[in-house]
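# Geometric and topological summary
Next come the chains, spelled out residue by residue.
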Amino acid sequence: MNPLLDQLQPYPFEKLKKLFADVTPDPAYRHISLGIGEPKHPTPPFIQKALADNLAGLASYPATLGSEALRGAIADWLQNRYGIPRPDPATEILPVNGSREALFALAQTVIDPRKPGALVMCPNPFYQIYEGAAYLSGAQPYFVNSDPARNFAPDFSKVPEDVWQRVQLLFVCSPGNPTGAVLSLEDWKELFALSDRYGFVIASDECYSEIYFKQDPPLGGMEAARKLGRGYERLISFSSLSKRSNVPGMRSGFVAGDAAILKKFLLYRTYHGGAMSPVIQAASVEAWKDETHVQDNIAKYVKKFSQVTPLLQEVLDVSLPDASFYLWARVDKLADISDTEFARRLYAEYNVTVLPGSYLAREAHGVNPGAGRIRMALVAEVEECLEAAQRIVAFTKKLAGKA
């Protein structure tokens, strides 16, 4: 067996299951889960119709490169969404089966394990795929803690020179999971300068880019590159339809950016067997071409967060994020309690599931930056999220003796 598999930690939801193993929640409350970031808004009917209308595609093997129609639709979307020159569909875009598998697979393409001390850098807290991708590519993860004083952006200025010299791949997540923070143009300027100096690849995870609460949509990596007068050298951006279009079961996304890296990534994926079903490709074309359903989706999240956030601010240290569908809250505003005990007791007493922040981070540089926080995924409809928030308020006031 591959010994590198032994370095993988249990996924956060496995830890949560173990935490709840001997808990029987109060049956007076129906269960509400804010634990998993799985969109619950209805899938648009036109996407369902596109799937049904293209079932004949099941009779054909798909090409790893994807169809010209899909790559063209993605190129058009990138141009319109970010105001950049239309990327070359033949060399700068590659459809993938959701951003998750592509984030993992890119590390297998980029990392040269023959170089001693190879590092994959990522923010902390983080999406656990980054860590697994590092280990199974033969590298080690290096965590840069998010700083609440910097809108939860990692402070790369604290990374030592000898560490940068070993970094081969940097994962960034903007909008962030779990913080919702968006990288600024100045942040990107710093990252590009570091990439130019040390030669590492930047993998920009942007799967939450189409859920936001400010007037201007979040800045993307390719957009930042163009604004700074550069090309896409050593930059690969990842996007997905899962959150944008409420189709997580389609597993449809893309990578775009540096043509030289994508050429090698296509070679890897040809052997890996990462081709997207023709049926999914056809439906994805229609999804990328339509923005009306995206704006409707954003409006739902704006309404939801505008009602839920003020309620939770009564008892938790929490703010409206820049983007994404998570609230990242400190739980010790009214009571001295750990994030794991908060989650466990909330589930037991009010049948609401939240994810302990410490499960989304690692202890690094003497601290676990997720400790004392919880992640709440506001993915259900407004009424269900409001009910969950009301139970959290009641529970927290009870903890503080204010009920």
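What comes next is a walk through the structure. (Residues numbered from 1 in each chain as written. Predicted model: local features only at pLDDT ≥ 70, side-chain atom pairs only at ≥ 80, totals over all residues. Heavy atoms only, no water.)

### Observations concerning the sheet that holds strand E9 (residues 253-257)
Spatially, E2-E9-E8-E7-E6-E3-E4-E5 is the arrangement adopted by the eight strands of the open sheet, whose pairing is mixed. Here the strands that pair on one side only, and so sit at the sheet edges, are strand E2 (93-96) and strand E5 (153-154). Both strand E8 (residues 235-240) and E9 contribute to a ladder of five bridges, which runs antiparallel. Across the sheet, residue Ser239 finds its bridge partner in E9, namely Phe254. (Pairing = 2+ DSSP bridges. Helix = DSSP H or I, 4+ residues; strand = E, 2+ residues; numbered from the N terminus.)

### Focus: unusual backbone geometry
Cis peptide bonds are those with omega within 30 degrees of zero, and the linkage from Asn124 to Pro125 qualifies with 10°. Here Pro125 lies in the loop between strand E3 (119-124) and helix H5 (129-136). You will see that Arg234, though not glycine, has its phi angle at about 60°, which is positive. As for its placement among the helices and strands, Arg234 is situated in the loop between helix H8 (221-227) and E8. In this structure, Ser324 is a non-glycine residue whose phi angle is positive, near 80°. When you line up the elements, Ser324 lands in the loop between helix H12 (292-313) and strand E10 (326-330).

### Digging into the side chain of Arg230
On the secondary structure map, Arg230 appears in the loop between H8 and E8. A distance of 2.9 Å separates a polar atom in the side chain of Arg230 from a polar atom in the side chain of Asp196. When residues no more than four places from it in sequence are discounted, the contact partners of Arg230 are Phe192, Asp196 and Ala225. (Polar contact = N/O pair within 3.5 Å; in protein donor to acceptor, adjacent residues only side chain to side chain. Contact = heavy atoms within 4.5 Å.)

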